Protein chains: 2
Amino acid sequence: MVRIPKPGQPVRGSRSGAPIMALFDLIGRRWAMGVLWTLSEIGPATFRDLQDKCETISPAVLNQRLKELQAAQLVHKVASGYEVTAIGREIYQDLVPLGSTAKRWARQLSDQ
Amino acid sequence: MVRIPKPGQPVRGSRSGAPIMALFDLIGRRWAMGVLWTLSEIGPATFRDLQDKCETISPAVLNQRLKELQAAQLVHKVASGYEVTAIGREIYQDLVPLGSTAKRWARQLSDQ
DNA sequence: TGAAACGCTATGGAAAGTATAGCATATGGT
DNA sequence: ACCATATGCTATACTTTCCATAGCGTTTCA
């Protein structure tokens, strides 16, 4: 039962399936960005590796997210486990700047 | 009951509250990025405006997301409704490149 | 050939999201 | 003043998702 939001079909935020909204629907699920981020940073990893790096993710959710990310072709399986695809890496790279913005956000919140 | 993930506290993906994971925890909730994106694009907007633009969001969830985004200081209230803050806009701008990547992703998916 | 590691799946309960109705207040026109 | 409409939500009942935890079947390797 792997249902993923597809551009061109109704998704959250867009009945017509605007690509950005389909993507938000996909990666805006609990843990989805965290998994993509972690997998991009550590490279090919086994299920257990990922589970450890994500610290508190449950195997059920990790498995679910991996299925979705594979169905959306952001992640695929290789001999040594899971790996981000080319397009998955592009999305990760788009997310990278959020890292430093998040730090500024954190500083701003703590300054009060 | 507005609970938001705060950097420095345990969040999904990081027991120590890494800023990026706190941010993912916050904006990786259903509709959160869609609301931030929409609000950034249309400028200050009323609750009903936002509801219309988001097409299928329920008022309960919109209200909940707005509370969270306000608590996290990505959004605030002004005379004419809701508006993104400076740091909220920075995060939105970090998300903008995802728009074109999403289109490439969509094309790739439809090419098979 | 047994022990450990691996990749999940099962389960039951808690939390989150959804659709829809509707309320209280503000606003506008007659 | 009166009524209609718009606004910003809240309430309710229901469905879906998430979560923690246990554990199963398979592979690896000493």
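Above this note sits the structure.
Computed from a predicted model, the values in this text were never measured in an experiment.

Q: Help me understand the relation of the copies chain A and chain B, please; the structure alone is not making it clear to me.
A: For the pair of chain copies, the relating transformation is a rotation about an axis with a translation along it. Its rotation angle being 180°, the transformation that places chain A on chain B also includes 0.0 Å of axial translation and leaves an RMSD of 0.0 Å. These values place the two chain copies in the arrangement generated by a two-fold rotation axis. Within chain A, G28 of chain A has its C-alpha nearest the rotation axis, a separation of 2.2 Å. Most of the interface of chain A is mirrored in chain B, where 100% of its interface residues again form contacts.

Q: What is the right way to read the interface of chain A and chain B from this model?
A: How big an interface is tends to be stated in terms of the accessible area lost upon association of its parts. Taken together, the contacts link 46 residues of chain A with 46 residues of chain B. The contact between chain A and chain B buries some 4400 Å² in all, and 68% of this surface belongs to carbon and sulfur atoms. On the chain A side of the interface with chain B, the three residues burying the most area are F24, L98 and W105 of chain A, jointly 16% of the side's total. Linking chain A with chain B are four salt bridges. For R104 of chain B, the salt bridge is made with E90 of chain A, and the minimal N-O distance between the two is 1.8 Å. Summed over the shared surface of chain A and chain B, the result is ten residue pairs in polar contact (both at pLDDT 80 or more). Those elements giving two or more residues to the side of chain A that touches chain B turn out to be α1 (19–27), α2 (32–42) and α5 (86–110) of chain A. The dominant element in the side of chain A that touches chain B, judged by the number of residues it contributes, is α5 of chain A, at 16 residues. Residues belonging to the side of chain A that touches chain B are distributed by class as follows: 25 nonpolar, eleven polar and ten charged.

Q: Sorry if this is basic, but what is going on with the packing of α2 of chain A against α5 of chain A here?
A: Residues and elements named next belong to chain A. It is the contact of α2 with α5, at a shortest axis distance of 10 Å, that shows an interaxial angle of 100°. As far as their axial angle goes, α5 and α2 are roughly perpendicular. In this structure, α2 uses M33, L36, W37, S40 and E41 to contact α5, whose residues at the interface are G88, R89, I91, Y92, L95, V96 and G99. For the contact of α2 with α5, the residue count by class is seven nonpolar, three polar and two charged.

Q: So what exactly am I meant to see when it comes to unusual backbone geometry here?
A: Peptide bonds are, in most cases, trans, and in most cases residues other than glycine have a negative phi. Even without a glycine there, the phi angle at E55 of chain B is positive, about 65°. Mapped onto the elements, E55 of chain B comes out in the loop between α3 (47–53) and α4 (59–71).

Q: What am I meant to see in the packing of α5 of chain A against helix α5 (residues 86–110) of chain B here?
A: Helices that pack against each other are described as a pair by the angle of their axes relative to one another and the distance between those axes. Direction vectors running N to C along α5 of chain A and α5 of chain B enclose 170°, while the axes themselves pass 9 Å from each other. With respect to α5 of chain B, the axis of α5 of chain A lies roughly antiparallel. Within the contact between the two elements, α5 of chain A uses I87, E90, I91, D94, L95, P97, L98, T101, R104, W105 and Q108 of chain A and α5 of chain B uses I87, E90, I91, D94, L95, P97, L98, T101, R104, W105 and Q108 of chain B. Of the residues belonging to the contact of α5 of chain A with α5 of chain B, the class tally is twelve nonpolar, four polar and six charged.

Q: Explanation requested: the protein's contact with DNA strand C in the structure shown.
A: As a matter of local geometry, DNA strand C sits amid 17 residues, with R12, R48, N63 and Y82 of chain A together with R65 of chain B nearest to it. For DNA strand C, the backbone makes up 64% of the atoms found within 4 Å of the protein, where backbone means sugar plus phosphate. R30 of chain A is positioned such that a nitrogen or oxygen atom in its side chain is 3.3 Å from a sugar or linking oxygen of DNA strand C. Between DNA strand C and Y82 of chain A there is a distance of 2.4 Å, counted from a phosphate oxygen to a side-chain nitrogen or oxygen. If you list the elements that add at least two residues to the surface near DNA strand C, you get α3 (47–53) and α4 (59–71) of chain A together with α4 of chain B.

Each value, and the rule that gives it
Residues numbered from 1 in each chain as written. Chains lettered and ligands numbered in written order. Predicted model: local features only at pLDDT ≥ 70, side-chain atom pairs only at ≥ 80, totals over all residues. Heavy atoms only, no water. Least-squares fit on C-alpha atoms with pLDDT ≥ 70 in both. Contact = heavy atoms within 4.5 Å. Buried area = accessible area lost by both parts, 1.4 Å probe. Salt bridge = Lys/Arg side-chain N within 4 Å of Asp/Glu carboxyl O. Polar contact = N/O pair within 3.5 Å; in protein donor to acceptor, adjacent residues only side chain to side chain. Helix = DSSP H or I, 4+ residues; strand = E, 2+ residues; numbered from the N terminus. Nonpolar A, V, L, I, M, F, W, Y, C, P; charged D, E, K, R; others polar. Axes fitted to C-alpha atoms, helices over the stretch in contact; angles between N-to-C directions. Parallel < 35°, antiparallel > 145°, perpendicular 65-115°, else oblique. Near = heavy atom within 4 Å.

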